[in-house]
Amino acid sequence: MTTTTVTLKIDGLEVTVPEGTMILKAAKDNGIIIPTLCNLEGLSPYGGCRLCLVEISGSPKLFPACITPVSSGMEVTTKSERLTEYRRMAVQMLLAERTHICSVCVANDHCELQSLANQLGVDHVLFERKWTNLEIDSSHDFLVIDRNRCILCTRCIRVCDEIEGVHTLDLKLRGKDSQVIMDLDEHWGSSCSCTSCRKCAKVCPVGAIYIEGEPVSHTKHKDIAEFITERRQRKWKR
Amino acid sequence: MSKDDSRRVILEKVMRDHGYQESALLEILHKAQELYGYLDKELLMDISGSLNLPPSHVFGVATFYSFFKLKRPGQHVVTGCMGTACYVKGADEIMQAVEREYNIKRGEATPDGKLSLLVTRCIGACAMAPTIIVDDEVIAKATKEIVLQKIKQVLGGT
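Residues numbered from 1 in each chain as written. Chains lettered and ligands numbered in written order. Predicted model: local features only at pLDDT ≥ 70, side-chain atom pairs only at ≥ 80, totals over all residues.

A.B. asks: Account for the packing of helix α6 (residues 91–102) of chain B against helix α7 (residues 144–156) of chain B, with residues named and values stated.
C.D. replies: Residues and elements named next belong to chain B. Look at α6 against α7: their axes get within 9 Å of each other, and the N-to-C directions meet at 40 degrees. Between α6 and α7, the angle falls in the class oblique. Once α6 is placed against α7, the crossing between them reads as right-handed. Side by side, α6 and α7 meet where E93, I94, A97, V98 and E101 of the first sit next to K144, V147, L148 and I151 of the second. By residue class, the composition of the contact of α6 with α7 is 6 nonpolar, no polar and 3 charged. (Axes fitted to C-alpha atoms, helices over the stretch in contact; angles between N-to-C directions. Helix = DSSP H or I, 4+ residues; strand = E, 2+ residues; numbered from the N terminus. Parallel < 35°, antiparallel > 145°, perpendicular 65-115°, else oblique. Left-handed = near helix turned anticlockwise from the far one by under 90°. Contact = placed C-beta atoms within 7 Å. Nonpolar A, V, L, I, M, F, W, Y, C, P; charged D, E, K, R; others polar.)

A.B. asks: Could you give an account of the environment of H167 of chain A, with specific residues and numbers?
C.D. replies: Turning to its location among the elements, H167 of chain A is positioned in the loop between α4 (155–164) and β8 (169–172). When the C-alpha atoms of H167 of chain A and D137 of chain A are compared, they prove to be 18 Å apart, with 30 residues separating the residues in sequence. In contact with H167 of chain A, not counting residues within four places along its chain, are C160 and D161 of chain A together with P54, S56 and H57 of chain B.

A.B. asks: An account of the pairing of strand β1 (residues 76–81) of chain B is requested, with residue identities and associated values reported.
C.D. replies: Residues and elements named next belong to chain B. With 6 bridges connecting them, β1 and strand β2 (residues 115–120) associate as parallel partners. When the bridges of β2 are listed, C81 appears paired with T120. Pairing of β1 with strand β3 (residues 132–134) involves 3 bridges; the strand directions are antiparallel. The residue bridging G80 from the neighbouring strand is I132, located in β3. (Pairing = 2+ DSSP bridges.)

A.B. asks: Could you give an account of the sheet that holds strand β3 (residues 53–56) of chain A, with specific residues and numbers?
C.D. replies: All names here are of chain A. Taken in spatial order, the 5 strands line up as β2-β1-β5-β3-β4 in an open sheet, and their pairing is mixed. Here the strands that pair on one side only, and so sit at the sheet edges, are β2 (13–18) and β4 (62–64). On average, adjacent strands in this sheet sit at an angle of 40 degrees to one another, irrespective of strand direction. Taken together, the 3 bridges between β3 and β4 define a ladder with antiparallel strand orientation.

A.B. asks: Please set out the domain arrangement of chain A residue by residue, giving values where relevant.
C.D. replies: One frequently used descriptor of interface size is the decrease in accessible area upon assembly of the parts. Residues and elements named next belong to chain A. When cut into domains, chain A gives domain 1 (5–79) and domain 2 (97–232). For domain 1 versus domain 2, the separation of C-alpha centres amounts to 25 Å. Broken down by class, the residue content of the side of domain 1 that touches domain 2 amounts to 7 nonpolar, 3 polar and 1 charged. (Domains from an automatic or database assignment.)

A.B. asks: Give a description of the interface of chain B and chain A that names residues and reports values.
C.D. replies: Counting from both sides, the interface comprises 11 residues of chain B and, opposite them, 13 residues of chain A. Looking at the side of chain B that touches chain A, the elements with two or more residues in it are α3 (41–51) and α4 (55–64) of chain B. The greatest single-element share of the side of chain B that touches chain A, amounting to 7 residues, is contributed by α4 of chain B.

A.B. asks: Account for the nonpolar core, with residues named and values stated.
C.D. replies: I23, A65, C156, C200 and I209 of chain A are the most contacted members of the largest nonpolar core, which has 77 residues in total. Considering every element that reaches this core, the biggest residue donor is α4 of chain A, with 5 residues. If near-sequence neighbours (up to four positions away) are discounted, C156 of chain A is found in contact with L169, V180, C200, V203, C204 and I209 of chain A. Residues A91, M95, V98 and I132 of chain B belong to the second largest nonpolar core, which totals 18 residues. (Core = buried A, V, L, I, M, F, W, Y, C linked by C-beta atoms within 7 Å. Buried ≥ 20, exposed ≤ 12 C-beta atoms within 10 Å, placed from the backbone.)

A.B. asks: So what's going on with the sheet that holds β2 of chain B? Which residues, and what values?
C.D. replies: Residue and element names in this part refer to chain B. Spatially, 4 strands are ordered β2-β1-β3-β4 in an open sheet, and the strand pairing comes out mixed. The open sheet has two edge strands, β2 and β4 (137–139), and neither has a second partner. Direction aside, neighbouring strands of the sheet carry axes that sit 20 degrees apart on average. Bridge count between β3 and β4: 3 bridges; the pairing is antiparallel. Bridged to V134 within β4 is E137. Against the sheet, α6 makes contact with β1, β2 and β3, and its axis sits at roughly 150 degrees relative to β1, the strand it touches most. Sheet strands in contact with α7 are β1, β2, β3 and β4, and its direction is about 10 degrees off that of β3.

A.B. asks: How would you sum up the domain arrangement of chain B? Please name residues and give values.
C.D. replies: Looking at chain B, the domain boundaries give domain 1 (6–64) and domain 2 (76–156). Its C-alpha centre places domain 1 of chain B at a distance of 28 Å from the equivalent point of domain 2 of chain B.

A.B. asks: Please give an account of the pairing of β2 of chain A that cites residues and values.
C.D. replies: All names here are of chain A. The pairing of strand β1 (residues 5–10) with β2 spans 6 bridges and is classified as antiparallel. Bridge pairing links V6 to V17 in β2. Between the antiparallel neighbours β1 and β2 lie 2 residues, among them D11 with a positive phi of about 50 degrees.

A.B. asks: Any details on the packing of α3 of chain B against α4 of chain B? Residues and values, ideally.
C.D. replies: Relative orientation and spacing of two packed helices are given, respectively, by the angle between their axes and the distance between those axes. All names here are of chain B. With their axes 9 Å apart at the nearest point, α3 and α4 run at an angle of 120 degrees to one another. With respect to α4, the axis of α3 lies oblique. Classified by chirality, the crossing of α4 by α3 is right-handed. Between α3, through L44, M45, I47 and S48, and α4, the contact on the second element is made entirely by P55, V58, F59 and A62.

This is how it looks when you write it as C-alpha cells:
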C-alpha cells in the first residue's frame, strides 16, 4: 500500500509527511515542538486549548495546528512574536478562569499548565481571576477530582471513551460553567460505569484529577494513550 | 416511570420512528420534555439506554442547552434573558433581586413549588432589553420593581 505524501515547510524546514497528517504531528515528527495542552497522541484531536495556534502564509488567520491537516506547499510558522503573545494570553485566560494556585496544588512542579506558563514567561495574570468554588469529589476509593483546577482540555473524557471504552466522563453545562461529570452527574464513588482504570489521572495535564496518597509525579503518564493505541495495532515498539 | 405509562409509550414510538439513532438525541429530549415537563435522571437514563449512548453524554447535551429543564419547574416560571444586550442593560441585577426576594437561585424552584427562576440565553428581543419572561408574558425594558410586582401578581392569582 502506498501512502500519498505531502511536502510543506515548517519554520523554513522542508518536511514530507503522509497526507492527512495534522500540522502539530508533522512538526513534532520533525523535531519542532508546538505547545499544546489538550492534544495528546493516541486520542482524537480536540482543538480546545488554542495554544498550538500557528501562522500559515497567505492567510491572516491563525490555525490550530492539532486539527489543521497539512497541504502541499503550505508554509507554516510556529514561532513569532504574535503567536507568543496569543499563547501568553491563552495561558493567562486559563489561569484566570478557575482557581489555580500552584503552591497548594498536588501537581506543583509536574503541571503542564505551570511549565507552559514558565516557558512563556507568564509571571502574572492580566485578567480578573474568577476564584471558582466548584465541587471537589473524593468519594471514589482513590481517584479525586478538583474541578477548580480543571482546564477543560477533555483529555480525561477522551481517554475514558476512546481508550478505556466506558465513557464514564463527559462535560456538563457550557462555556465557563462547564464541568467534568461522571455518568448522570453522580458522585465518582457511586458511578456504576467507572472501571477505576486511572487513565484519566494519568493524562490530566494539571492537578484536577489525581490519585489520593500518590505523588502526582508518579501518577502522570501521558504517553499511556499512544502506548495503548500502538499495542492495539500490534506495533510492539516497547 | 413505568413502561406502560402512556407518555412512555409515545416517547418509545418517537424513538422507534427515529430508528433509535444517536443523532436523534435532541429531537427525543425535546419530545421527552414536552411529555413530562422536565427531564429527570431516570428519564435521561432510560433515553441513554434506548439510544445506546453513554449517560454522561446525554446529561452533557441536556445541560448544554438552557431549554432543557432538569428539575420540575414551579407552577409559575420566571425566565431572565441573559443574552448580551439584556445582560448589559442590567438583567442580572433584576435576577439578583428576584433571587433575594424569594430566596432561590437561578435554575431552582421555591420549596413550595410555586415559582421557579430560570435563565435563557437570548430570546431575540434585544431591542427591548432587558427582557424578563413571567409565565408566558414578556416584560420588555424590565426593571426590578416591575418584575417583582408582576411576580407578586401571578403568585397571588393562584
